[in-house]
Each structure stands twice: as structure tokens, then as C-alpha cells.
Amino acid sequence: MTNSIQLPEWLDDLIYNQMQSKYCPSYSDMTNIDDDREKTLNYLGTYFPRSYAESYCIFTDYFKANGSNFANKDEVSIFDFGSGTGGEIIGLLTVLDEQFPNLKNVRVVALDGNQHALNVYDKIINELSKRLNVIVTNHDAAVIIDDFYDLSILNSVMKDSYDIIISFKAICEFVTKQQFEQHNPYEHIINFMLKKLKKDGVMLIEDVTTYSDTSQEWLPLMMDKGLLNAKCIVAKQNEGYNQVFYISHSHKTCDKSKVAWRLVKN
């Protein structure tokens, strides 16, 4: 499987030179919903490239082997739960543009509770749209989910069903902040989003692989328990406890990330 790439030159220039982001890794629990503009730019320079690489590599390999359902589509819809600055969306859109020449339109809904992150994402996707062969229609959904009772709010955002649903390094925040009380956030969020996934669609859930002091459990194990209780089909996943991806850019050569991911179908 592909696991090492170079950040595109135009994207590197945009986020580091034009947007003045910084590369500054943090090893504390990742809770970004309350980040101000400065912290959002720090996140952009550090974790956006990683999410881009993870999404690009996972979807490149998956679609090469399992892309028949998408090969004849002229339109694809995407929903991102906890999109942040959108690295995973940009990576996915790049793959779709490369692999599916029949594709004409892509509709994206990006949900996040941090408006600073959505503003950054908007600027990047607007620049990407100028470079793609497909027409991208983007819609931001600035929605804060405080607990599992709030998931019903998503009905007003996810009005349609989607070909691809993704969530990268977002559900862990609900675990860290105990927003679902004693409930497993993975189970409830996955259960809800599966109802919005098209019959031939695919959902990619990815998260950090750390041990949560809050839940006293490894996050990938919580993810797998949630998937099991949601009774969905795991079509593909990383081997072992995690997978390592590498992204090189002007501020770091072979920057390493470790994540657990599951590609899910109904």
C-alpha cells in the first residue's frame, strides 16, 4: 500500500507561504474545536498535510481495487464529520480527480464546530477547485455537537444520502471531553451516519491511536467496539494496531503519522 507522498507544490506554497502556517507538533490530547486563529494555523501547518497524505493514500489504493461503483458516476457527494481545515477532503478530491475521468461534479458538505478551521478550509478548497477537472460545490456546516442527543441536529445538515462519508481525528475529541457520558461516541456517530450512506457508498473512519486517559481505553479498540455494535461491514482496514504514513513538505521531510482506519459499508 502507498504510504509516503510529497505535498503538492502549490499546496505547500499556499499553506506555508501565503497563509503563514507553522509546523509545530503537539503530543497532548487533540481537542481543536476551541482553537483560535493562531492555533488553527499551527494545526494547518502540522496536521493538515498528514490528513491529506492519509486520505490520499487510503483512497488511492482502495479505488484502484474497488472503484467499479464509482467508475461510471458523473457526480459524487461527500460528507465530512469534523472536517477541521480539510486535509482529508483535499486528499480525497485529488484522488477522485485522478482516477475517475467520467466524474464531472462533486458536492461536498464539511461539518465542523470551529469557524476558524472552516475559513481556512474554504480558502484551500477554492484554490484546489481551480486545478481540478471536476466542478466542486462546497457547503460549510458550522455545527457544534455537545453530546449524543445533539446528533439529531445533523438531520438538518445531512438532508440527502452520500456516496462517501469521512471522519478524521474527530471522534476522539468527544471521548476526551466526555461529551457522550458513558456512551461510546464511535457507535452512536457511526450508527447515525450509516443511515445517510448510499447503498453502494463507503465510509472512512480514521482516528489517532493513543490511549485515552479519560475513557481508560485505547481509541482503536473503542472504534472497533463501536463498529461491531453498529453492525456494519468493515470492507478494509489497517493491519495491526495502526498504520504509519509519511508526508514530505517544505518544513519537514518524511513527517510521520500513526492512525487507525476502517473503511465501512452498509
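Below is a short write-up of the structure. (Residues numbered from 1 in each chain as written. Predicted model: local features only at pLDDT ≥ 70, side-chain atom pairs only at ≥ 80, totals over all residues. Heavy atoms only, no water.)

## Comments concerning the nonpolar core
For clarity, the threshold we go by: Throughout, nonpolar core names a set of buried Ala, Val, Leu, Ile, Met, Phe, Trp, Tyr and Cys residues whose side chains join them through atoms within 4.5 Å. Residue burial is assigned from relative accessible area. The probe radius is 1.4 Å, only protein chains are included, and a residue is buried under 20% of its type maximum, exposed over 50%, and partly exposed in between. Here a helix means four or more residues in a row that DSSP labels H or I, a strand means two or more in a row labelled E, and each is numbered from the N terminus. Any two residues having at least one pair of non-hydrogen atoms within 4.5 Å are treated as being in contact.
Counting residues in hydrophobic clusters, the biggest one holds 50 residues, and the most contacted among them are Phe63, Ile78, Leu93, Ile124 and Ile164. The element that contributes the greatest number of residues to this core is helix H3 (residues 48-66), accounting for 9 residues. Residues contacting leucine 93, with those up to four places away along its chain left out, are Ile78, Val106, Val108, Ile125, Leu128, Leu132 and Val136. Listed in part, the 35 residues of the second largest apolar core include Phe81, Ile171, Ala230 and Cys232.

## Some points on the pattern of salt bridges
Our working definition: Salt bridges are defined as contacts in which a side-chain nitrogen from Lys or Arg sits within 4 Å of a carboxyl oxygen from Asp or Glu.
Tallied over the entire structure, the rule returns 11 salt bridges. Across the salt bridge formed by arginine 131 and glutamate 127, the nearest N and O atoms sit 3.5 Å from each other. A residue is classified by how much of its surface remains accessible, and arginine 131, at 42% relative accessible area, is partly exposed. One network of salt bridges, in which partners are shared, links Lys73, Asp163, Lys198 and Asp200.

## A short note on the side chain of serine 77
Tracing the sequence through the fold places serine 77 in strand E2 (residues 75-81). For serine 77, a relative accessible area of 3% corresponds to the buried category. Not counting residues within four places of it along the chain, the set of residues in contact with serine 77 comprises Arg107, Ser161, Tyr162, Asp163, Ile164 and Lys198.

## Some details on the packing of aromatic side chains
Aromatic rings considered in pairs are described by the distance between their centres and by the relative angle of their planes. Just so we agree on the cut-off: Put simply, two rings from Phe, Tyr or Trp (the six-membered ring, in Trp's case) pair if the centres are within 6.5 Å, and we call them stacked under 30 degrees between planes, edge-to-face over 60, tilted for the rest. Charge over a ring is defined by NZ of Lys or CZ of Arg lying within 6 Å of the ring centre and within 35 degrees of the ring normal.
Scanning the model with the defined rule gives 10 aromatic pairs in all. Relative to phenylalanine 100, the ring of phenylalanine 70 has its centre 6.1 Å away and its plane inclined at 35 degrees; by these criteria the two rings are tilted. Placement of phenylalanine 70 in helix H4 (residues 68-71) and of phenylalanine 100 in the loop between helix H5 (87-99) and strand E3 (105-112) is noted, with a sequence separation of 30 residues between them. The rings of Phe59, Tyr62, Phe63, Phe70 and Phe100 are connected pair by pair, giving a single aromatic cluster. The side chain of lysine 73 reaches across the aromatic face of phenylalanine 70, ending 5.8 Å from its centre.

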